[in-house]
Amino acid sequence: MLELILKGRPRFYLWLCFLGAIFGLGFIVYIFQANIGLAITGMSRDVSWGLYIAQFTYFVGVAAGAVMLVLPAYFHHYEKFKRIIIFGEFMAVGAVIMCMLFIVVDLGQPQRALNVLLHPTPNSVMFWDMTVLFGYLLLNIIIGWVTLEAARNDVKPPKWIKVLIYISIIWAFSIHTVTGFLYAGIPGRHYWLTAIMAARFLASAFCSGPAILLLLLMAVRRVTGFEPGREAMKTLSTIITYAMCVNVFFYLLEIFTAFYSGIPGHQHSILYLFTGHDGHMAWINSWMWTAVVFAVLSLLMLIPPALRYNDKILPWALILLVIASWIDKSLGLLIGGFVPNMFETVTEYTPTIPEILVALGVYGLGGIIISVLWKIAMDVKKENGTFALKDN
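Residues numbered from 1 in each chain as written. Predicted model: local features only at pLDDT ≥ 70, side-chain atom pairs only at ≥ 80, totals over all residues. Heavy atoms only, no water.

Summarising burial for helix H10 (residues 264-274): nine of the 11 residues are buried, a large majority. Here H10 has its buried residues at Gly265, His266, Gln267, His268, Ser269, Ile270, Tyr272, Leu273 and Phe274. Buried residues belonging to H10 abut helix H9 (230-261), helix H11 (284-302) and helix H13 (314-338). With its phi angle positive at about 90°, Gly276 sits one or two positions after the end of H10. (Buried < 20%, exposed > 50% of the residue type's maximum accessible area, 1.4 Å probe, protein only. Helix = DSSP H or I, 4+ residues; strand = E, 2+ residues; numbered from the N terminus. Contact = heavy atoms within 4.5 Å.)

In C-alpha cells:
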C-alpha cells in the first residue's frame, strides 16, 4: 500500500512540504540545542521539565483517545465507527511517535534514551511508561495496517487481529495511567500528589483526543469530500461532551480539596497559576483564565444537543475544548507542579524561542506521519467504494 503515497494531488505534496519546512526548522534548532545544551531553553535546576514534557503529556492523551472509537466498535458492535476507526488508530501512531520525540529532545543528549533499554529498572515508572508507549505504538501499527490491507483486498481481517484489538483497548488505558503515576509518584510536588491524577488524565484524554480527531475529520471532509458519517460524528461528539464534563468535574474536586481542607502546598500552586503567589505574578495567569473561559464556553455549546449537532457550531466548540485542555494539561500542569518548589520559593519558567521552535518541529514531523497514513487510508476507501458512503 505504500505506493499510494506517490499518487496524490499537488496540494497534498504542498502540504507535506509545508510540514517538512516546519520540521526542518525545528531540527536545525535542535542541532543547535544538542551542541550548546539545554541552557538555550527556559528550564533550570528548579524547573527541570518544561514545554517538551508538557507536550509529551498532552499527546499521550491524544494517543489514548483513539480507544473511544475502538471500544464502542468492538465491545458494543457500533458499526458506524468502523468507517473512521482506522483514522483514530493512525492518529495514535503519529501521537505516540511525537511523544517519544519530545522525550528525546528533552534529554539533551539523545543517546541517554538507550539507558532505559541497556539498564532496565522495573521499579521505575519511567521504564514502564516507555514500555507501554512502545507497545501501544506497535499495536496500532499492526492493527491499522492489517485491517486496512484486508479492506483493500475485500476480505475479512484475520481472526487473530481481534485479540490484539482487545489488548489495545486495555493498553490505551494503561499508557495514560502510567503517565499519571509518573506525576503522582513524586511526593515533593504538591500539585501532582493526588490519587485522582491518573483519572484526570484519562478524562482529559477521552475528550481532547476524540475532539482533535473529529476536527481533523471535518477538515478532511471539507478538503477531500471524504464522508465520515453523520451518525458517527454525532455519537463521537456526545462522547466528547460527557468526557469533558467529567474532566471539569475532576478539576473542581482538586479545587475543593485544596481550599476547603486548607492544604497550603496544594493551594499555593493553584493560586500561582491563577492569581500569582507571594507577590509573584506570572504570564501563565492569563492563560489559565483563558482555559477556564474556553472550557465553560465549549460546554455551553456541547451540552445542548441542538448546538452540539450543528455543523457550524460544533467545530468552534471543539477548538475551544482543545485549547482549554491543552493549556490545563500541558503548561498549567507542569508549571503548577514546579512552582512554588519544595522550599516555597518561586523560580519563573517561560519557554524560549528555540524551545518553541523545536516543539513545532516535532509537531511538523507528527503531521507528516499522520497525513501520509491518512492518505493511504482514504485511497483504500476510494478503491473499495466507501469513501463517500452516506448514512442510511
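That covers the picture; the talk isn't over yet.
Scanning the model with the defined rule gives seven salt bridges in all. Note that Arg45 and Asp46 form a salt bridge whose closest N and O atoms lie 3.2 Å from each other. Measuring nitrogen to oxygen at the nearest pair gives 2.5 Å for the salt bridge that ties Lys375 to Asp379. Here the residue Lys375 and the residue Asp379 both occupy positions in helix H14 (residues 353-383), the gap between them amounting to four residues, near one helical turn. Comparing Lys375 with Asp379, the two get one shared label, buried. Three or more residues are tied together by salt bridges with common partners; here these are Arg200, Glu254 and Asp328. (Salt bridge = Lys/Arg side-chain N within 4 Å of Asp/Glu carboxyl O.)

Topologically, Ile161 is positioned in helix H7 (residues 160-184). The exposure class of Ile161 is buried, given its relative accessible area of 2%. Each C-alpha atom of the pair Ile161 and Gly144 lies 9.8 Å from the other, and the pair is 17 residues apart in sequence. Look past the residues within four positions of Ile161 in its chain and what remains in contact with it is Ile142, Ile143, Val146 and Thr147.

Turning our attention to the side chain of Lys375. A residue is classified by how much of its surface remains accessible, and Lys375, at 7% relative accessible area, is buried. A polar side-chain atom of Lys375 sits 2.5 Å from a polar atom in the side chain of Asp379. (Polar contact = N/O pair within 3.5 Å; in protein donor to acceptor, adjacent residues only side chain to side chain.)

This part covers a nonpolar patch on the surface. Side chains of Trp289, Val292, Val293, Val296, Leu297 and Leu300 sit close together on the surface and give an oily, nonpolar patch of about 520 Å² of accessible area. Assignment of secondary structure puts Val293 in helix H11. (Patch = residues over 30% accessible without salt bridge, like charges linked within 9 Å, V, L, I, M, F, W, Y side chains within 5 Å. Areas by Shrake-Rupley, 256 points an atom, 1.4 Å probe, with all protein chains shown as cover.)

A complete count under the given rule lists 24 aromatic pairs for this structure. Note on Tyr78 and Phe81: the rings are 4.9 Å apart at their centroids and 80° apart in plane angle, and the pair reads as edge-to-face. Between the aromatic rings of Phe173 and Phe206, the centroid separation amounts to 5.3 Å while the plane-to-plane angle is 70°, which identifies the pairing as edge-to-face. One end of the pair, Phe173, is in helix H7; the other, Phe206, is in helix H8 (residues 197-224), and 33 residues separate them in sequence. When its relative accessible area of 10% is taken as the criterion, Phe206 is described as buried. Above the ring of Tyr74, the side-chain terminus of Lys82 is found at 5.0 Å from the ring centroid. The residue whose ring lies beneath Lys329 is Phe201, and the NZ or CZ to ring-centre distance is 5.3 Å. (Phe/Tyr/Trp six-rings, centres within 6.5 Å; stacked < 30°, edge-to-face > 60°. Lys NZ or Arg CZ within 6 Å of the ring centre and 35° of its normal.)

Let us now look at the layout of surface pockets. The volume enclosed by the largest pocket comes to roughly 1,400 Å³. What lines the largest pocket is a set of 44 residues, among which Trp15, Leu19, Leu216, Gly367 and Ser371 lie closest to the centre. Within the residue set of the lining of the largest pocket, elements represented by two or more residues are helix H1 (10-36), helix H2 (51-64), helix H4 (85-106), H8, H13 and H14. With 14 residues, the single largest contributor to the lining of the largest pocket is H14. (1 Å grid on protein atoms, 1.4 Å probe; cavity = no way out; pocket = protein on both sides within 12 Å on 5 of 7 lines; lining within 4 Å. Points joined across faces, edges and corners; volume = space filled by probe spheres on them.)

The subject of this paragraph is the confidence of the model for the protein chain. Looking at the protein chain, the pLDDT average stands at 89 and 96% of residues meet or exceed 70. By mean pLDDT, helix H5 (residues 115-118) is the weakest element of the protein chain at 74, and H11 is the strongest at 95. (pLDDT = per-residue confidence, 0-100.)

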